[in-house]
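Each chain, letter by letter, is given below.
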Amino acid sequence: MTKTMEQELVLELSQFQKPNKDRILELVSEKLDWAEISGHLLYNRTAGIAYHVLRKVNAPFFNREFEFGLYLINQIQAQRTNSHKHYIIKIAKAMKESGIPHAFLKGSILANSIYPIGCRISSDIDILLRAQDLTECGNVMKELGFIQGFHDENENVVIPATRREILTHRMNYGEVVPYRKVVNEPGINLIEIDINFSLDWMAQGTEKAVDDFIQEAEDYQFDGGQKISSLSKEYFLAHLCVHLFKEAAVLTWVGYQRDLGLYKFVDIYGFLTDVNLVVNWSLFIEIITKNNIINESFYALEYTRTFFPILNEDAEFIAMLKKIKPENIAYLEQVVDASNANVIYKWNKDLISRFFDMKRYNALDQIGI
């Protein structure tokens, strides 16, 4: 696909580690469709990153409405991150005192590590847990004032879930109904905790892998000295890959229009380009092989370098990709119906084309049943 200048700028402004200054300055000097660019940045949660990148490359003033909008998003995200951090620390302390093996995942850690403040937010707090610890964890959450239920946006209240809703959510999504608590903090009105006890969209089948991941959890130290249990870097990267695949390759998420959130690819890009993180690729291959998640990992990493070709400059990364590449990669262009794994669809557009098409659900052809 030949990208438009608007599409090219969306991707360039997402590369916060090693931005292409010359190309960005060329693009912002053009008369572009700033509303289109703003829409993609906002929808893909990369608007805060875009503002940071523009300042990093010393971009001159070029469009008031566009830049002011990015500035506001970056600032409110910084406030939200700080507010979220306060609750992450509080929850982490309670979990440690309970003795329940666990690991904080994704944005809770990334927003406070590889990303500059204001660039990465989380809509929730993800925690990986063994299935046998769900009840005990639920007691900890209730003691902290959380309710297992659904948020009424209009009334800003949490409505408790019924027992049926709790069981259905667990069986269909491999997650529990989130624990939620209404708050009044800068940048945030709700704290939501997603307890993950599965690595994919199935309620059963990955218990051993979850145990393996949690056993390798280690403490991550926030800048205030607080210790938060998370995954070692190779396991953390493996989980980012599995989570991305879990949503990108399932029909339900395509229907939600949430299958290709760019921020998930940016997480992996940021992880791989962080000078303070050196991934042991031999260990990574061992982890994904042992836990039977090679296909998921290759999918996420291969498509991340499609979005961000700068990764092709990392010889060790490319060598690792060649080692784990499956013999049959047809699945890269397929989507499965989670309710019936025999129902398979194939994309009739390439990755970049369908990413910029918000109605990409129309680009699926059923090929199997």
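Here, every reference points to the structure presented above.
Structural notes, computed from the coordinates.

Criteria and thresholds
Residues numbered from 1 in each chain as written. Predicted model: local features only at pLDDT ≥ 70, side-chain atom pairs only at ≥ 80, totals over all residues. Heavy atoms only, no water. Axes fitted to C-alpha atoms, helices over the stretch in contact; angles between N-to-C directions. Helix = DSSP H or I, 4+ residues; strand = E, 2+ residues; numbered from the N terminus. Parallel < 35°, antiparallel > 145°, perpendicular 65-115°, else oblique. Contact = heavy atoms within 4.5 Å. Nonpolar A, V, L, I, M, F, W, Y, C, P; charged D, E, K, R; others polar. Polar contact = N/O pair within 3.5 Å; in protein donor to acceptor, adjacent residues only side chain to side chain. Expected span 1.5 Å × (residues − 1). Buried < 20%, exposed > 50% of the residue type's maximum accessible area, 1.4 Å probe, protein only.

Considerations on the packing of helix α13 (residues 281-290) against helix α14 (residues 294-307)
1) Next: Between α13 and α14, the least distance of the axes is 8 Å, while the angle of their chain directions is 130 degrees. One element, α13, and the other, α14, form an angle in the oblique class. Where α13 abuts α14, its residues Phe284, Ile288 and Thr289 lie against Ile294, Ser297 and Leu301.
2) Next: Its residues placed into classes, the contact of α13 with α14 shows four nonpolar, two polar and no charged.

Brief notes about the side chain of aspartate 259
1) Next: By secondary structure assignment, the location of aspartate 259 is in the loop between α11 (251-256) and α12 (262-273).
2) Next: At 3.1 Å, the side chain of aspartate 259 and the side chain of arginine 360 are in polar contact.
3) Next: Sequence-distant contacts of aspartate 259, that is, excluding residues within four places in its chain, are made with Glu247, Ala248, Trp253, Val254, Lys264, Trp347 and Arg360.

Points about α12
Because the α-helix completes a turn every 3.6 residues, residues three or four places apart line up on one side.
1) Next: Taking 1.5 Å as the rise per residue, α12 with 12 residues should run 16 Å; its terminal C-alpha atoms sit 16 Å apart, in good agreement.
2) Next: With 12 of 12 residues buried, α12 lies mostly within the body of the structure.
3) Next: Among all positions in α12, only Leu262, Tyr263, Lys264, Phe265, Val266, Asp267, Ile268, Tyr269, Gly270, Phe271, Leu272 and Thr273 are buried.

By themselves, these observations are geometric and do not establish any function.
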